[in-house]
Amino acid sequence: MHDTGMPPRILSVAPPPSPFLPMRARGLALAPRGQRLLGPIDLTLRAGAITVIMGHNGAGKSLLLQALHGLLRPDAGEIRWGDLPPAEARRGQAMVFQSPILLRRTVAANIDFALRAVGRRDVKARRAALLAQAGLTARATQAARRLSGGEQQRLALVRALATDPRVLFLDEPTASLDPAATAAIEALVRTAHDSGIKIIFVTHDIGQARRLADEVVFLQEGQITEHTGVDEFFQSPKSDAARAYLHGRLPGS
Ligand SMILES: Nc1ncnc2c1ncn2[C@@H]1O[C@H](COP(=O)(O)OP(=O)(O)OP(=O)(O)O)[C@@H](O)[C@H]1O
């Protein structure tokens, strides 16, 4: 475990205060049936920085993301989002997965469902804004599952934003998308960040990490081996595992 309290790369604009941040995980561990998969992890994430979690296949990135989001209950340790009670913190978070999970309904209905879930009254106006943001206005009445992969992911992302999250998790959101579709997702993520949403994402796309992230959390065998600014990570990775990862080698090789 390393460097739990580091500041993010110097940002040109001070981040707005958020009741959700900093996020502090202490002694976090996942060990189903006694098999240690993650941790112990100490990690502090602050407002303002876009955080990318990287590491070899099987390093524990998805597990960490799901634990931070509250989808997996830790076997040890605790996670605190600011000073918020866990249930309140959870309500302010949303997650987008590699394979979009969409309702068997129209594009518009998928967004409406999320808006109603958080009690929005201005459903029509907000839906129109989100569809426009995703470039899906002309597809509003189509079946969501008939959209292309890139369109589905844009829909999944704006549907997550429909819940007005303060923290947005993304697990390899562009893993199966072409460069143009990837750029569209990255633009949406950047806009979300600029509106004050904390972004925490997992990717194997090194270019994407460089384009989007301010800081890198690098995992190896369920442990954080580096937590550092993105430039520092890519220019001079400290751990053997990170060097191997960046050179396309398996850990330990
Ligand atoms: N419920 C589970 N029970 C047992 N092992 C699990 C469980 N979930 C995940 N694992 C194991 O934990 C390890 C970490 O899984 P995780 O999905 O977090 O990896 P990852 O870093 O996201 O990998 P990838 O880059 O391949 O997506 C893997 O070895 C995986 O097989």
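These figures come from a predicted structure and were not determined experimentally. (Residues numbered from 1 in each chain as written. Predicted model: local features only at pLDDT ≥ 70, side-chain atom pairs only at ≥ 80, totals over all residues. Heavy atoms only, no water.)

> Any chance you could explain the sheet that holds strand β7 (residues 198-202) here in plain terms?
Strands pair in a sheet through their backbones, by hydrogen bonds, and they do so in one of two ways: parallel or antiparallel. Within the open sheet, the six strands sit side by side as β5-β6-β7-β3-β8-β9. Their pairing is mixed. Unpaired on one side and paired on the other, β5 (93-96) and β9 (223-229) mark the two borders of the sheet. Across the sheet, the axes of successive neighbouring strands diverge by a mean angle of 15°, strand direction being ignored. Pairing of strand β8 (residues 215-220) with β9 involves six bridges; the strand directions are antiparallel. Residue Gln220 lies in a different strand from β9, and its bridge partner there is Gln223. Helix-sheet contacts for helix α5 (residues 149-161) involve β5 and β6 (167-171), and the interaxial angle to β5 is about 175°. (Pairing = 2+ DSSP bridges. Helix = DSSP H or I, 4+ residues; strand = E, 2+ residues; numbered from the N terminus. Axes fitted to C-alpha atoms, helices over the stretch in contact; angles between N-to-C directions. Contact = heavy atoms within 4.5 Å.)

> Please clarify how the layout of surface pockets should be interpreted in this entry.
One way to see where empty space is left: roll a probe the size of a water molecule over the atoms. Space inside the largest pocket adds up to approximately 510 Å³. Around the largest pocket, the lining comprises 20 residues; the ones closest to its centre are Ala94, Met95, Arg159, Ala160 and Thr163. Per-class residue counts for the lining of the largest pocket are 13 nonpolar, four polar and three charged. (1 Å grid on protein atoms, 1.4 Å probe; cavity = no way out; pocket = protein on both sides within 12 Å on 5 of 7 lines; lining within 4 Å. Points joined across faces, edges and corners; volume = space filled by probe spheres on them. Nonpolar A, V, L, I, M, F, W, Y, C, P; charged D, E, K, R; others polar.)

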